[in-house]
10 protein chains.
Amino acid sequence: MLYMVHMQVNIPATLPRSEADRLKAEEKAYAQKLQQDGTWRHLWRIAGQYANYSVFDVAGNDALHEVLSSLPLYPYMAISVTPLAQHPSAIAAN
Amino acid sequence: MLYMVHMQVNIPATLPRSEADRLKAEEKAYAQKLQQDGTWRHLWRIAGQYANYSVFDVAGNDALHEVLSSLPLYPYMAISVTPLAQHPSAIAAN
Amino acid sequence: MLYMVHMQVNIPATLPRSEADRLKAEEKAYAQKLQQDGTWRHLWRIAGQYANYSVFDVAGNDALHEVLSSLPLYPYMAISVTPLAQHPSAIAAN
Amino acid sequence: MLYMVHMQVNIPATLPRSEADRLKAEEKAYAQKLQQDGTWRHLWRIAGQYANYSVFDVAGNDALHEVLSSLPLYPYMAISVTPLAQHPSAIAAN
Amino acid sequence: MLYMVHMQVNIPATLPRSEADRLKAEEKAYAQKLQQDGTWRHLWRIAGQYANYSVFDVAGNDALHEVLSSLPLYPYMAISVTPLAQHPSAIAAN
Amino acid sequence: MLYMVHMQVNIPATLPRSEADRLKAEEKAYAQKLQQDGTWRHLWRIAGQYANYSVFDVAGNDALHEVLSSLPLYPYMAISVTPLAQHPSAIAAN
Amino acid sequence: MLYMVHMQVNIPATLPRSEADRLKAEEKAYAQKLQQDGTWRHLWRIAGQYANYSVFDVAGNDALHEVLSSLPLYPYMAISVTPLAQHPSAIAAN
Amino acid sequence: MLYMVHMQVNIPATLPRSEADRLKAEEKAYAQKLQQDGTWRHLWRIAGQYANYSVFDVAGNDALHEVLSSLPLYPYMAISVTPLAQHPSAIAAN
Amino acid sequence: MLYMVHMQVNIPATLPRSEADRLKAEEKAYAQKLQQDGTWRHLWRIAGQYANYSVFDVAGNDALHEVLSSLPLYPYMAISVTPLAQHPSAIAAN
Amino acid sequence: MLYMVHMQVNIPATLPRSEADRLKAEEKAYAQKLQQDGTWRHLWRIAGQYANYSVFDVAGNDALHEVLSSLPLYPYMAISVTPLAQHPSAIAAN
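Residues numbered from 1 in each chain as written. Chains lettered and ligands numbered in written order. Predicted model: local features only at pLDDT ≥ 70, side-chain atom pairs only at ≥ 80, totals over all residues. Heavy atoms only, no water.

*Asks:* Where do I start with the overall build of chain A in this structure?
*Replies:* Looking only at helices and strands, chain A features 2 helices and 4 strands. Structurally, chain A occupies a C-alpha span of about 50 × 25 × 20 Å along its principal axes. In chain A, which comprises 94 residues, the proportion classed as buried is 55%. In chain A, the proportion of contacts linking residues at least 24 apart, taken out of those at least 6 apart, comes to 65%. (Helix = DSSP H or I, 4+ residues; strand = E, 2+ residues; numbered from the N terminus. Buried < 20%, exposed > 50% of the residue type's maximum accessible area, 1.4 Å probe, protein only. Contact = heavy atoms within 4.5 Å.)

This is how it looks when you write it as structure tokens:
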């Protein structure tokens, strides 16, 4: 089941740089693992912003929340979720 | 080059139903042709709304505008465009 | 799987009253059928508005969209959907 | 009498973690007590956010404010309240 | 129990003037009856707008919705409701 | 002359608690004095928020600003003011 | 007493042109009379919009509402009012 | 003197097509004349929208309003204006 | 040439009081000098807010920016500018 | 390919002044280099704000993001991007 997810990263200036760097590295590793297993189906940078549009393919709302709330940068992100359904004009199944 | 496009369809009540049906049929045919040639890479229905999130793969801003403004329902849609760049954590190229 | 759904009804002044009345009667019958089979788990009127907050229990995003887009008043409603997950402090399962 | 309540938790980065953990534990215990006595009728996590939608069943506006303002995390939450009335198409009484 | 109610009147240009005048007269009579019986405790015009701030004193959410939805101009108003509680610094009871 | 005033209190986490407590006590005393002399005609808590709706009865805009800007919590409040006029359907004079 | 008033004119396409022209002429005459007697102290066009910023000098909120609601174009304007007070750094009295 | 101007065209469905076509042709001719004489310095289509960003070079606010309000499509456009100043890091004079 | 300017002052809690007081005194002196030479034509306090509406009379956009960015409190203000043109119904020239 | 870019600079009060000055100097040098090579085609100050409207001419979305995210002040700016296409009434090519 697919969800469009918009993530805006807001790392506070008070977070020590080393901690921020560690979190970003963990985020990247975790994001790549999730992409490889098909959970994080798409990940795009929004041009000019520390933000992304992503598409997740998970079993449902609980699975989505578990994945998102496990992101290392989760405490520093504003996330909005849009549930996606099959479009009648789409030539591919979701 | 990829763009996230949000389309909200607002067909006015004054449009005759037959005209609306004709436009929707043309829209569907055109959307499927664009998907088949790879221009309209993704098309998802937003659950509960007459709206969609789409990803287009075109040569640039002019090509995008030409494609979007040629949509049969274009006069009846509110469209917003977000340019997408390669995300450094993405495992696939855009 | 649960979804919070906000529906705002906007019946245009140009819709003949008899047609509006027919749609409202169909909407009520359909809403009650969906409540009886457990799909439309909660339905609350927002005080002072022709709007409601509802909770739907469906198999997923596609099922939700099918149910919502089948509502007789669907063409005249502004709908927003929020996917709900199990809250760690809730004493009941969703 | 029912109210839809949206709570968004914003714990400031300056709050010591031990204090935050203590407040969260107290919040959970209090939330469960209120659920058990029927005051906090529903509690749902909003997928992807440190936020919830809740339904409270209280005697009125004063009782609602007393319950909400007694939440251990109250100083760190943005709360909005929507009064709910019986929906004419609902098959259950509020 | 008190509620702050904001009403914005939007009478469509297509409503015949005689019908609008009839509704306004009924609205005025109904508003005055509700004020006399203590339900509509305060009624203030917002300077420069066809809008008002009102305070209603009713038994609860259902009673409020019944009163508001019975207003002759109800179909032509955008209404928002804010539940009011006793303020700890107020010298009078609500 | 009446004004609807909405006050949202935002006390920064950096303000020492003793200072905050002192300001709140002064605010309460001042608010009660203004209520007793008829300046602060109504004071209602907005359920679930550290905010209030108030009605002030003052000689005019300058008097209103003087009263509001003298509130001990004034530096920590977001205030919005709506001038009220006599409503033609009101049974009481403002 | 001064008020900043923002007026946005929205004449519906359905209003006959002759009626619109008549209203505009009346509006102009009325605006000039109010300027001459000192009530409508300033009147500025917002560049690029069918809108204006105005300053009114009236006895109070009731007088302001009476003046504004008597404008011939009042039914076709969105008006917002901001009460102005004497600024401590101003060299002229309001 | 430069101004950034955002124009959103909203031609109502009730305008006869021939009238709309005539206005668009006049708009195009007028826009090109203003570009040729240096008044309308830049004109860009916003991708996916019947809207543009434009830069005007005029003597001041009055000249700007005269130019904009003379546009044949002016009655059907929502226009917002941002005054531009010389940027200290710009290598060219405005 | 006239501009409507809205200024909202947001002095951060971290600014030492003596520094804030010094800036406010400088701001007042500068504001009065600009009023005396006719640049800052009007200065009004918005009732209930640490904000003002002002009208500036300057040679153009560059002069306006120079004046505003020289304000001692400029780093602590949110400023929005609206260019004003001669209104056809105004009896006085701008 | 052209993009309209709006940049709002928000340098936090906690950034040491020397560091802020260094970043601003680097930003200026970088901005001028990009203007000289034609990438940053236009750069305008928004009157009264620490913000600018800019037009970039780059190969596409990835190039735009690379340029913007390399700005020395990038961590302290809120940036929004609007892709521009050739306007049919423009007399010059983009």
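There is more to say, and it comes next.
*Asks:* Can you walk me through the relation of the copies chain E and chain F in this structure?
*Replies:* Each copy of the chain is related to the other by a rotation around an axis and a translation along that axis. Note on the identical chains: chain E maps onto chain F by a rotation of 180° and an axial translation of 0.0 Å, with an RMSD of 0.0 Å. This pairing of chains is accounted for by a two-fold axis. A share of 100% of interface residues in chain E that are also interface residues in chain F marks the association as one of identical surfaces. (Least-squares fit on C-alpha atoms with pLDDT ≥ 70 in both.)

*Asks:* Just checking my understanding: could you explain the UniProt feature "domain: Muconolactone isomerase" (unreviewed entry) in chain A for this structure?
*Replies:* Residues annotated by UniProt as "domain: Muconolactone isomerase" (unreviewed entry) correspond here to residues 1-89 of chain A. Secondary structure content for residues 1-89 of chain A is 33% helix and 36% strand, while the C-alpha to C-alpha distance between its ends is 18 Å. (UniProt positions renumbered as here; feature names shortened; annotations may be inferred.)

*Asks:* I'm lost on helix H1 (residues 17-36) of chain J in this one. Help?
*Replies:* In an α-helix, one turn spans 3.6 residues, which is why side chains three or four residues apart end up on the same side. Residues and elements named next belong to chain J. For H1, built from 20 residues, the straight-helix expectation of 28 Å at 1.5 Å per residue is met to within 8% by its first-to-last C-alpha distance of 28 Å. Contacts from the buried residues of H1 go to strand S2 (40-46), helix H2 (61-69) and strand S4 (77-86). Among the residues trailing H1, Gly-38 stands out with phi positive, at a value near 90°. (Expected span 1.5 Å × (residues − 1).)

*Asks:* Please explain the sheet that holds strand S3 (residues 51-57) of chain C as it appears in this structure.
*Replies:* Within a sheet, each strand pairs with its neighbour through backbone hydrogen bonds, oriented either parallel or antiparallel. One closed barrel accounts for 8 strands, arranged S1(C)-S3(C)-S2(C)-S4(D)-S1(D)-S3(D)-S2(D)-S4(C); its pairing is antiparallel. Each strand of the sheet is rotated relative to its neighbour by a mean of 35°, with strand direction disregarded. Sheet contacts for helix H2 (residues 61-69) of chain A: strand S1 (2-9) and strand S4 (77-86) of chain C together with strand S2 (40-46) of chain D; angle to S4 of chain C, the most-contacted strand, approximately 70°. Its contacts with the sheet put helix H2 (residues 61-69) of chain E on strand S2 (40-46) of chain C together with strand S1 (2-9) and strand S4 (77-86) of chain D, and the angle it makes with S4 of chain D is roughly 70°. (Pairing = 2+ DSSP bridges. Axes fitted to C-alpha atoms, helices over the stretch in contact; angles between N-to-C directions.)

*Asks:* Before we go on, may I ask you to explain the interface of chain E and chain F in this structure?
*Replies:* One frequent convention defines the size of an interface as the accessible area lost when the parts assemble. Between chain E and chain F, the residue contacts involve 27 residues of the former and 27 residues of the latter. Buried area between chain E and chain F, summed over both chains or domains, comes out near 2500 Å², and the portion from carbon and sulfur atoms is 65%. There are 0 salt bridges connecting chain E and chain F. At the junction of chain E and chain F, the tally comes to 13 residue pairs in polar contact (both at pLDDT 80 or more). Every element with two or more residues in the side of chain E that touches chain F is listed here: strand S1 (2-9), helix H1 (17-36), strand S2 (40-46), strand S3 (51-57) and strand S4 (77-86) of chain E. Among the residues making up the side of chain E that touches chain F, the classes are represented as 15 nonpolar, 10 polar and 2 charged. Note that S2 of chain E and strand S4 (residues 77-86) of chain F share 3 bridges and pair antiparallel. By the bridge assignment, Arg-45 of chain E is partnered in S4 of chain F with Ala-85 of chain F. (Buried area = accessible area lost by both parts, 1.4 Å probe. Salt bridge = Lys/Arg side-chain N within 4 Å of Asp/Glu carboxyl O. Polar contact = N/O pair within 3.5 Å; in protein donor to acceptor, adjacent residues only side chain to side chain. Nonpolar A, V, L, I, M, F, W, Y, C, P; charged D, E, K, R; others polar.)

*Asks:* What should I look at first to understand the relation of the copies chain G and chain H in this one?
*Replies:* In the superposition of chain G on chain H (RMSD 0.0 Å, axial shift 0.0 Å), the rotation amounts to 72°. As the rotation angle and translation indicate, the two copies are arranged about a five-fold axis. Rotation axis and chain G: the residue whose C-alpha lies nearest the axis is Thr-14 of chain G, separated from it by 7.6 Å.

*Asks:* How should I be thinking about the arrangement of the chains in this particular structure?
*Replies:* At their nearest point, the C-alpha atoms of chain A and chain G are still 30 Å apart, with no contact between the two. No part of chain C reaches chain H; the closest C-alpha pair between them is 15 Å apart.

*Asks:* Looking at this structure, how should I read the interface of chain G and chain H?
*Replies:* Between chain G and chain H, the residue contacts involve 7 residues of the former and 9 residues of the latter. Across the chain G to chain H interface the summed buried area is about 500 Å²; carbon plus sulfur atoms make up 57%. Looking only at chain G, the three residues that lose the most surface to chain H are Ala-47, Gly-48 and Gln-49 of chain G, adding up to 75% of its buried area. For the pair chain G and chain H, the interface holds 0 salt bridges. Viewed at the interface, chain H and chain G are joined by 3 residue pairs in polar contact (both at pLDDT 80 or more). Residues of the side of chain G that touches chain H, tallied by class, amount to 4 nonpolar, 2 polar and 1 charged.

*Asks:* What is the right way to look at the confidence of the model for chain A in this model?
*Replies:* The predicted coordinates should not be examined in detail at positions where pLDDT is low. Across chain A, the average pLDDT comes to 97, with 100% of residues at or above 70. Scored as a complex, the prediction yields pTM 0.97 and ipTM 0.96. (pLDDT = per-residue confidence, 0-100.)

*Asks:* What is the right way to look at the environment of Ser-70 of chain C in this model?
*Replies:* Residues and elements named next belong to chain C. As for its position among the elements, Ser-70 is in the loop between helix H2 (61-69) and S4. By relative accessible area, which is 40% here, Ser-70 ends up partly exposed. Separated by 37 residues in the primary sequence, Ser-70 and Lys-33 place their C-alpha atoms 13 Å from one another. A distance of 2.6 Å separates a polar side-chain atom of Ser-70 from the backbone oxygen of Glu-66.

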